[in-house]
Amino acid sequence: METTQPARSRIRLVAAALVASVCAALPVAAQAEYPDRPINLIVPFSPGGGTDISARLLAAALQQKLGASVVVDNRPGAGGQIAADLVARAQPDGYSLLFANSGMLAINPWIYKLNAEPTKAFAPVSLFSDLPFVLVVPATLPAKNVQELVGLARNAPGKHTFASSGTGGAPHLSGEIFQQATGTELMHVPYKGGGPAMTDLMAGRVDMLFASVLETMPYVSAGKLRALAVTGAARSPAMPDVPTIDEAGVRNAQSGSWTAVLAPAGTPQPVIDKLSQAIRDIAADPAMKAKLEAQGAVAHGSTPKELADLAARERARYGEIIKSRNIQTN
């Protein structure tokens, strides 16, 4: 029997509606399926350090929350750029993520020629933790607090030294910020890593060091080092008796580091949003807060926009310090 024109029109309309409904459902289904295979969390530093420990805590929690394996892959070297380049070249599908620190986003663009420019190569996902530093001095140094240390430095410009784990790193920039805020003149002594710097500090060969709470806690507890101030906005739960740098009488000298998760640019927004929410939930969990506090860190999740805004502010701030202090790397 021949189909009439009105009937054919109705058939076409029904078919178009079915196709449209199927297409509209596809993104939702794809989003619901993520993740359906292992996720690689690329860490730019060697196993065992503070950043690596935080990354492994996050990986274990993400694995439980998302129901997919999360594998930590350490790719140290070149100030984090080996790992950054690897993730920047990865498929933007949410299965290769970068566990970055503030130096990679806010400092490196000013002092290195980067293959992967952070604002273009990556999509922000979430903050994970704040890592305040501690200003420590040898137990033998005649300075019981920050003001006494500043007095020593002002009375002998250029004589007193501060160590760091390397030129251009966040500990080095903390020392530069401290000098600018206190009007002191110190001599920077860079080392190839935090371990050698800590060894010489305890031996009294250098006068001060900005280092993580995790690195300094054992030596402060043993009486080999004296903690004068933490550089964050609040006291460290791991060192509650140590004042903040503000409380110690030095304004505009907050510094430190933070960790965050990035994805390759172009990663679908639903994937970004799912990861970001998962990380925020993990950071808000009291058990995770306690684990991070034991490492000298403070849990701190964020939205992608909050992370992008923080990175932009920090990049501008460190850029001014690097230019005014004429900091260069070899």
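As the structure is a computational prediction, the values presented were derived from the model and not from experiment.

Colleague: Go over the side chain of Thr184 with me, naming the residues and quoting the values.
Modeller: With respect to the secondary-structure elements, Thr184 resides in the loop between helix H7 (170-182) and strand S7 (187-190). Residue Thr184 is classed as buried on the basis of its relative accessible area of 7%. A polar contact is formed between the side chain of Thr184 and the side chain of Thr182, at a distance of 2.8 Å. Excluding residues that lie within four positions of it along the chain, Thr184 makes contacts with Val150, Ala153, Arg154, Phe178 and Gln179.

Colleague: Provide a residue-level description of the environment of Asp273, including the pertinent values.
Modeller: With respect to the element layout, Asp273 can be found in helix H10 (residues 269-284). We classify Asp273 as partly exposed; its relative accessible area is 39%. Measuring from C-alpha to C-alpha, the distance between Asp273 and Arg317 comes to 28 Å, with 44 residues separating the pair along the chain.

Colleague: Mind laying out the packing of H7 against helix H12 (residues 304-324), listing which residues take part and the relevant values?
Modeller: With their axes 11 Å apart at the nearest point, H7 and H12 run at an angle of 75° to one another. Classified by the angle between their axes, H7 and H12 sit roughly perpendicular to one another. Contacts between H7 and H12 involve Leu173, Glu176, Ile177 and Gln180 on the former and, on the latter, Arg317, Tyr318, Ile321, Ile322 and Ser324. Here the contact of H7 with H12 is composed, by residue class, of 5 nonpolar, 2 polar and 2 charged.

Colleague: If you had to explain the sheet that holds S7 to someone new, which residues and values would you point to?
Modeller: What the 5 strands build is an open sheet, ordered S7-S6-S8-S5-S9; its pairing is mixed. Taken across any chain shown, the strands that pair with only one partner, and hence form the sheet edges, are S7 and strand S9 (225-230). Strand-to-strand twist in this sheet, taken as the mean axis angle between neighbours without regard to direction, amounts to 30°. The pairing of strand S6 (residues 161-164) with S7 spans 4 bridges and is classified as parallel. Within S7, the residue paired with Ala163 across the bridge is Val189. Across the sheet, helix H9 (residues 213-221) is in contact with strand S5 (133-138), strand S8 (208-212) and S9; its angle to S8 comes to roughly 120°.

Colleague: Just give me the short version of the nonpolar core, but keep the residues and values in it.
Modeller: Residues Leu58, Leu62, Phe99 and Phe128 are the most contacted members of the largest nonpolar core, which totals 33 residues. When contributions to this core are tallied by element, the ones reaching two or more residues are strand S1 (39-43), helix H2 (50-66), strand S2 (70-74), strand S3 (96-101), strand S4 (122-131), strand S10 (257-264), H10 and helix H11 (286-294). When near neighbours in sequence (up to four residues on either side) are disregarded, Phe99 contacts Leu41, Ile42, Val43, Pro44, Thr51, Ser54, Ala55, Leu58, Phe128, Thr259, Ala260 and Val261. Grouped together as the second largest cluster of nonpolar side chains are 30 residues, Ala153, Ile245, Ala253 and Ile321 included.

Colleague: If you had to explain the confidence of the model for the protein chain to someone new, which residues and values would you point to?
Modeller: Residues at a pLDDT of 70 or more form 90% of the protein chain, whose mean pLDDT is 90. When the criterion is pLDDT under 50, residues 13-31 qualifies, and its contacts beyond four places in sequence or with other chains add up to 2 contacts.

Colleague: Any chance you could break down the sheet that holds S3 for me, citing the residues and the numbers?
Modeller: Backbone-to-backbone hydrogen bonds join strands into a sheet, with any given pair of strands oriented parallel or antiparallel. In space, the 6 strands of this open sheet follow the order S2-S1-S3-S10-S4-S11, with mixed pairing throughout. With one partner strand each, in any of the chains shown, S2 and strand S11 (298-299) form the two edges of the open sheet. As defined by bridge partners, S1 adjoins S2 across 5 bridges and the pair is classed as parallel. Each bridged residue has a counterpart across the sheet, and for Ile42 the counterpart in S2 is Asp73. Running over the sheet, H2 touches S1, S2, S3, S4 and S10 and is turned about 160° from S2.

Colleague: Any details on empty space enclosed by the protein? Residues and values, ideally.
Modeller: In this approach, a probe sized like a water molecule rolls over the atoms, and the result shows the empty space that is left. Taken as a whole and assessed by the stated rule, the structure comprises 1 cavity of 30 Å³ or more. Along its surface, the largest cavity is lined by Gln81, Ala84, Leu98, Ala100, Met104, Leu105, Leu114, Ala116, Pro118, Phe122 and Leu262. Secondary structure elements with two or more residues in the lining of the largest cavity: helix H3 (81-88), S3 and helix H4 (102-111). Grouping the constituent residues of the lining of the largest cavity by class yields 10 nonpolar, 1 polar and no charged.

Colleague: Could you give an account of the layout of surface pockets, with specific residues and numbers?
Modeller: Of the pockets and cavities examined, the largest pocket occupies roughly 1,000 Å³. Residue lining of the largest pocket: 43 residues in total, with Phe45, Thr51, Asn101, Ser165 and Pro171 positioned closest to the centre. At the level of secondary structure, the elements contributing two or more residues to the lining of the largest pocket comprise H2, H4, H7, helix H8 (194-202), S8 and H9. Each residue belonging to the lining of the largest pocket can be placed in one class, and the counts come to 18 nonpolar, 23 polar and 2 charged. Residue-level mapping places the lining of the largest pocket at the junction of two domains, with at least three residues from each of domain 1 (39-131 + 256-325) and domain 2 (132-230). Approximately 440 Å³ is the volume attributed to the second largest pocket. In this structure, the second largest pocket is lined by 24 residues; those nearest its centre are Asp130, Gly232, Ala233, Ser257 and Trp258. Contributing elements (two or more residues each) for the lining of the second largest pocket: S4, S10 and H12.

Criteria and cut-off values
- Numbering of residues starts from 1 in each chain and follows the order in which that chain's sequence is written.
- Totals for whole chains, interfaces and linings use all residues, but because this is a predicted model, local features are given only for residues with pLDDT of at least 70 and pairs of side-chain atoms are given and counted only at 80 or more.
- The basis for the side-chain values is all heavy atoms of the structure; hydrogens and waters are excluded.
- By the criteria applied, helices consist of DSSP H or I runs no shorter than four residues and strands consist of E runs no shorter than two, each listed in order from the N terminus.
- Throughout this description, buried means an accessible area under 20% of the type-specific maximum (1.4 Å probe, protein chains only), exposed means over 50%, and partly exposed covers the range between.
- Polar contacts here mean pairs of N or O atoms no more than 3.5 Å apart (in protein, one a potential hydrogen donor and the other a potential acceptor; neighbouring residues in sequence count only if both atoms are side-chain atoms).
- In this description, contact between two residues means that some pair of their heavy atoms is separated by no more than 4.5 Å.
- All axes here are fitted lines through C-alpha atoms, helices being fitted over the stretch that makes contact, and every angle between N-to-C directions spans 0 to 180 degrees.
- An angle counts as roughly parallel when it lies under 35 degrees, as roughly antiparallel when it exceeds 145, as roughly perpendicular when it falls between 65 and 115, and as oblique in every other case.
- Following the grouping adopted for this structure description, the nonpolar residues are Ala, Val, Leu, Ile, Met, Phe, Trp, Tyr, Cys and Pro, the charged ones are Asp, Glu, Lys and Arg, and the polar ones are all others, Gly among them.
- Note: two strands are recorded as paired if DSSP finds a minimum of 2 bridges between them.
- Throughout this description, the term nonpolar core refers to a set of buried Ala, Val, Leu, Ile, Met, Phe, Trp, Tyr and Cys residues connected via side-chain atoms within 4.5 Å.
- Confidence scores labelled pLDDT are given residue by residue by the predictor and lie between 0 and 100.
- Using protein atoms alone on a 1 Å grid, points that fit a 1.4 Å probe yet trap it form a cavity, whereas open point sets bounded by protein on both sides within 12 Å along at least five of seven lines form a pocket; residues with an atom within 4 Å of a point count as lining.
- Grid points are joined across faces, edges and corners, and a volume is the space filled by probe spheres set on the points.
- An automatic or database domain assignment supplies the residue ranges for each domain.

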